[in-house]
Amino acid sequence: MLNIVIFGAPGSGKGTQSERIVAKYGINHISTGDVLRAQIKAGTELGKTAKGYIDQGQLLPDELIIDILASTLDSFEDSKGVIFDGFPRTIAQAEALKKMLAERGQEVSIMLDLDVPEDELMTRLIKRGQESGRADDNEETIKKRLVVYHSQTSPLIDWYKNDGKYQHINGLGTMEGIFAEIAEAIDKI
Ligand code: ADP
């Protein structure tokens, strides 16, 4: 089982690189952001709740997102592993993921930290907002998301270092070059 946590600030390229990992390694992909956006589009109760948080650049409550993750995980059959994209984002979520996988006789194989300088994140997200119309990719909300990243999510770097799973990836460069570094790290597991 190949269980990969793809980690990084908003705009670090998690989604793009996840697609490539899925194509090369044939594992399932969970993007909590995509799940929430699909719920918003479908107009569900969960979607309405999620929209409130996302538009403010805030994280959803841990219990809610952990439940979503557990049910998505259970929906996979004959899985060769999973790439977790956008989860965990807090220490509580990382602990829940560890427990969830342990209950299934599994563990996180590697945590890939896509490291991108702050000014580049800002440029990428503003461009994405203009091209995709994603509501949370506007300057004000991006700034809030970066603050949330630094206060609530970046402590996971040390958490995964302590867990012996941390792998730094230089997130600047061509998509191919970054993917080559990722594949090299995965192939060494
Ligand atoms: P990005 O990495 O660009 O911020 P995502 O698509 O991963 O975008 O997430 C968009 C938003 O969805 C987040 O800003 C947050 O409000 C919510 N969200 C996604 N994943 C989680 C999570 N694991 N815990 C709490 N909220 C989440």
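Residues numbered from 1 in each chain as written. Predicted model: local features only at pLDDT ≥ 70, side-chain atom pairs only at ≥ 80, totals over all residues. Heavy atoms only, no water.

Draft legend 1. Summary view of the packing of helix α4 (residues 62–74) against helix α5 (residues 91–103). At a closest axis distance of 10 Å, the pairing of α4 and α5 adopts a crossing angle of 30°. On the basis of their axis angle, the class for α4 and α5 is roughly parallel. α5 is crossed by α4, and the crossing has right-handed handedness. Facing D62, I65, I66, L69, A70 and L73 of α4, the residues of α5 in contact are A92, Q93, A96, L97, M100 and L101. Among the residues making up the contact of α4 with α5, the classes are represented as ten nonpolar, one polar and one charged. (Axes fitted to C-alpha atoms, helices over the stretch in contact; angles between N-to-C directions. Helix = DSSP H or I, 4+ residues; strand = E, 2+ residues; numbered from the N terminus. Parallel < 35°, antiparallel > 145°, perpendicular 65-115°, else oblique. Left-handed = near helix turned anticlockwise from the far one by under 90°. Contact = heavy atoms within 4.5 Å. Nonpolar A, V, L, I, M, F, W, Y, C, P; charged D, E, K, R; others polar.)

Draft legend 2. Broad picture of the nonpolar core. Ranked by internal contacts, the top residues of the largest apolar core, which has 34 residues, are V5, F84, L97 and Y160. Every residue in contact with F84, bar those within four places of it in the chain, is listed here: N3, I4, V5, I6, I30, L69, L73, L97 and L101. Ranked by size, the runner-up nonpolar core spans 17 residues in total, among them Y25, I110, L112 and I186. (Core = buried A, V, L, I, M, F, W, Y, C linked by side-chain atoms within 4.5 Å. Buried < 20%, exposed > 50% of the residue type's maximum accessible area, 1.4 Å probe, protein only.)

Draft legend 3. The arrangement of the side chain of D85 in detail. Topologically, D85 is positioned in strand β3 (residues 81–85). No salt bridge is formed by the buried D85, whose closest oppositely charged neighbour, K14, lies at an N-O distance of 5.3 Å. A polar contact is formed between the side chain of D85 and the side chain of H29, at a distance of 2.9 Å. (Lys, Arg positive; Asp, Glu negative; His and termini not counted. Salt bridge = Lys/Arg side-chain N within 4 Å of Asp/Glu carboxyl O. Polar contact = N/O pair within 3.5 Å; in protein donor to acceptor, adjacent residues only side chain to side chain.)

Draft legend 4. Spotlight on the site of the ligand. Taken together, the neighbourhood of the ligand is formed by 20 residues, with K14, T32, R37, Q58 and G86 sitting nearest. Interatomic distance of 2.7 Å between a side-chain N/O atom of T32 and a nitrogen atom of the ligand. Contact between the ligand and R89: an oxygen atom at 3.0 Å from a side-chain N or O atom of the residue. For the ligand, the protein covers 97% of the area, taking 550 Å² as the surface of the free molecule. Looking at which element gives the most residues to the shell around the ligand, the answer is helix α2 (residues 32–42), with four residues. Partitioned by chemical class, the residues of the shell around the ligand number seven nonpolar, six polar and seven charged. (Near = heavy atom within 4 Å. Areas by Shrake-Rupley, 256 points an atom, 1.4 Å probe, with all protein chains shown as cover.)

Draft legend 5. Inspection of α2 at higher detail. Residues of α2 that are buried include every one of T32, G33 and L36, and no others. Relative to the axis of α2, the buried residues are bounded by an arc of 100° and lie together on one face. Set apart from the buried face of α2 by more than 90 degrees, the exposed residues are K41 and A42. Buried residues belonging to α2 abut β2 (28–31), α3 (45–55), α4 and β3. Downstream of α2 by one or two residues, G43 has phi in the positive range, about 70°. (Arc of directions from axis to C-beta.)

Draft legend 6. Expanded view of the sheet that holds β3. Read across the sheet, five strands follow the order β2-β3-β1-β4-β5 without closing on themselves; strand pairing throughout is parallel. Each edge of the open sheet carries a strand with a single partner, namely β2 and β5 (166–170). Sheet twist, expressed as the mean angle between neighbouring strand axes with direction ignored, is 20°. With five bridges connecting them, strand β1 (residues 2–8) and strand β4 (residues 110–115) associate as parallel partners. Following the sheet pairing, I4 is matched in β4 by I110. (Pairing = 2+ DSSP bridges.)

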